[in-house]
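# Coordinate analysis (summary)
Here is how the chains run, residue by residue.
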Amino acid sequence: MPFPFIIVAGLAAAAGAVGIGKAVSASKDNSRAREINNEANDIIDDAKRKVNAQRDLTQSALEKLGKLKLQVLDNEVKDFLHYFRMIKNARLESSIHEGTLSGSNETLQDLTRLESFAASLATGSAAGLAGGALTAFAAYGATMTLATASTGTAIGALSGVAATNATLAWLGGGTLAAGGFGMAGGAALLGGLVAGPALLVLGLVSGSKAKANLDNARSNRAKAREIAEQLETACVQCRAISSKAEMFTNLLQRAVSYFHPLVESLKTIVWQEGDDWNEYSNSSQRRVAAAAAMAGTVTRILDTPILTKDGQADENCEKIAREIEQKLPQG
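Residues numbered from 1 in each chain as written. Predicted model: local features only at pLDDT ≥ 70, side-chain atom pairs only at ≥ 80, totals over all residues. Heavy atoms only, no water.

Before going further, it helps to spend a moment on the overall build of the protein chain. The helix and strand tally for the protein chain stands at 9 helices and 0 strands. Taken from N to C terminus, the helices and strands of the protein chain fall in the order α-α-α-α-α-α-α-α-α. Looking at the protein chain residue by residue over its 331 residues, the buried ones come to 43%. Accessible surface, the protein chain as shown: approximately 16600 Å² in total, 56% of it carbon and sulfur. (Helix = DSSP H or I, 4+ residues; strand = E, 2+ residues; numbered from the N terminus. Buried < 20%, exposed > 50% of the residue type's maximum accessible area, 1.4 Å probe, protein only. Areas by Shrake-Rupley, 256 points an atom, 1.4 Å probe, with all protein chains shown as cover.)

What follows is the structure in structure tokens.
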């Protein structure tokens, strides 16, 4: 009888149509999964480009500050100490105008320590500077970095700070001699997110698995957006560090613009009036005292950390900068 044959044939055709429908649906799901995964990877790539660009800007700002610090130590500070040490019987406090920083033995000790620090840094290897020492000096000054050194060696201390601090390592410690720990350790700043997860779904298959592929792709996109938010947080942190580095660079430049002529005046006084404070004119005593006061201001700028020990932007440095700004000559 033809009837059963027609039924069987109809059922087979229907089954075939369902199969084709599932295949088409699976193809669409897989295609959409690929699109979503590509979108997820684009989100992460864009976020990585932004954070790496900001990292480079921050590293540049810190290096600029570090170089300026070394330059000031090697010039104005060195000259000030050389000539100021020649003066006998100096009585600074009685000659310094109210409202300025007073010279003291503590300031002289701090400057002597900084001078020794600069000499140690200058004789260190170029690799040490390139490996993050300059960045660490900019970020922390000499006090904090030397305090971490068991040997007292400036280069060793600075390199150690850069190697063990995730922020500094990520910003500029990749070339440290510590087995490349700088960049590897620096990834801790972002919880390993800079590298980004593998978001591409491999081996897309047809059938029921296609729906799972689509669900996984959507999950990947959600993860990508979360990672992008965290990378943006890193960008914000970098911008905060850059801002503080630039603030102290400008502050140090301004302070040195007053300190340099005072040091030159100090030289002239020693050359022309000798090395006995008691033989100086009142005007000369005031100029020597003013040079010592400005030396104290410069020392504070050189040694104020702009990062906390855990690598965050130190908000306290802004308060210190404002205090110093108020003590600098106006106009």
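Our next topic: the packing of helix α7 (residues 209-273) against helix α8 (residues 282-303). Interaxial distance between α7 and α8 falls to 8 Å at its minimum, and their mutual angle equals 150°. Judged by the inter-axis angle, α7 sits roughly antiparallel to α8. Relative to α8, the crossing made by α7 is left-handed. Here Phe-248, Leu-251, Leu-252, Ala-255, Tyr-258, Phe-259, Leu-262, Ser-265, Leu-266, Ile-269 and Glu-273 of α7 come into contact with α8, specifically with Ser-284, Arg-287, Val-288, Ala-290, Ala-291, Met-294, Ala-295, Val-298, Ile-301 and Leu-302. (Axes fitted to C-alpha atoms, helices over the stretch in contact; angles between N-to-C directions. Parallel < 35°, antiparallel > 145°, perpendicular 65-115°, else oblique. Left-handed = near helix turned anticlockwise from the far one by under 90°. Contact = heavy atoms within 4.5 Å.)

Between its first and last C-alpha atoms α8 spans 32 Å; for 22 residues at 1.5 Å apiece the expected length is 32 Å, and the two agree. For α8, the buried fraction is high: 16 of the 22 residues fall into the buried class. (Expected span 1.5 Å × (residues − 1).)

It is worth spelling out the nonpolar core at this point. Counting residues in hydrophobic clusters, the biggest one holds 55 residues, and the most contacted among them are Val-77, Phe-80 and Val-298. It is α7 that provides the largest number of residues to this core, a total of 14 residues. Once residues lying within four places of it in the same chain are set aside, the contact partners of Val-77 are Val-72, Leu-111, Phe-259, Val-298 and Leu-302. Counting residues in each nonpolar core, the second largest holds 10 residues, with Ala-40, Ala-47, Ala-228 and Ala-234 among its members. (Core = buried A, V, L, I, M, F, W, Y, C linked by side-chain atoms within 4.5 Å.)

Further remarks concern the packing of α8 against helix α9 (residues 316-327). The geometry of α8 relative to α9 is characterised by a closest axis approach of 11 Å and an angle of 165° between their N-to-C directions. With respect to each other, α8 and α9 are oriented roughly antiparallel. Crossing of α8 over α9 shows left-handed handedness. Residues Thr-297, Arg-300 and Ile-301 of α8 lie in contact with α9, whose contacting residues are Ile-320, Glu-323 and Ile-324. Split into classes, the residues belonging to the contact of α8 with α9 amount to 3 nonpolar, 1 polar and 2 charged. (Nonpolar A, V, L, I, M, F, W, Y, C, P; charged D, E, K, R; others polar.)

The next point concerns α9. In this model α9 runs 17 Å from its N-terminal to its C-terminal C-alpha over 12 residues, within 8% of the 16 Å that 1.5 Å per residue would give. Buried within α9 are the following residues: Cys-317, Ile-320, Ala-321 and Ile-324. The buried residues of α9 occupy one face: seen down the axis, they fall within an arc of 100°. On its buried face, α9 sits against α7 and α8. (Arc of directions from axis to C-beta.)

In the structure shown here, the tally under the stated rule is 4 aromatic pairs. Centroid distance Tyr-83 to Trp-271: 5.9 Å. Interplanar angle 85°. Geometry classified as edge-to-face. Of this pair, Tyr-83 sits in helix α1 (residues 2-84) while Trp-271 is found in helix α7, placing the two residues 188 residues apart along the sequence. Residue classification places Trp-271 among the exposed residues on the basis of a relative accessible area of 59%. Note on Trp-277 and Tyr-280: the rings are 6.3 Å apart at their centroids and 55° apart in plane angle, and the pair reads as tilted. As far as the burial class goes, Trp-277 and Tyr-280 line up, both buried. (Phe/Tyr/Trp six-rings, centres within 6.5 Å; stacked < 30°, edge-to-face > 60°.)

This part takes up the pattern of salt bridges. Think of it this way: side chains of opposite charge can pair up when their charged atoms draw near. With the rule as written, the count across this model stands at 16 salt bridges. The partner of Arg-254 in a salt bridge is Glu-325, with the nearest N and O atoms 2.1 Å apart. In this pair, Arg-254 sits in helix α7 while Glu-325 sits in helix α9, placing the two residues 71 residues apart along the sequence. Measuring nitrogen to oxygen at the nearest pair gives 2.8 Å for the salt bridge that ties Arg-300 to Glu-323. (Salt bridge = Lys/Arg side-chain N within 4 Å of Asp/Glu carboxyl O.)

Right, let's get into the environment of Glu-264. Within the secondary structure layout, Glu-264 lies in helix α7. Relative accessible area serves as the criterion here: at 32%, Glu-264 is assigned to the partly exposed category. Between the C-alpha atom of Glu-264 and that of Glu-76, which follows or precedes it by 188 residues, the distance is 8.9 Å.

With that out of the way, let us pick up the side chain of Gln-54. Mapped onto the elements, Gln-54 comes out in helix α1. Owing to a relative accessible area of 12%, Gln-54 belongs among the buried residues under this scheme. Ignoring anything within four residues of it in the chain, the contact list for Gln-54 reads Cys-235, Cys-238, Arg-239 and Ser-242.

This next bit is on the confidence of the model for the protein chain. Overall, the predicted model of the protein chain reaches an average pLDDT of 72, with 63% of residues at or above 70. Of all secondary-structure elements in the protein chain, the lowest mean pLDDT belongs to helix α6 (residues 181-186), at 40, while α9 reaches the highest, 91. Within the model, the stretch residues 95-103 combines pLDDT values under 50 with 21 contacts to residues more than four positions away or in other chains. Low pLDDT (under 50) marks residues 148-157, which in the prediction has 13 contacts with non-local residues, meaning those over four places away or in another chain. (pLDDT = per-residue confidence, 0-100.)

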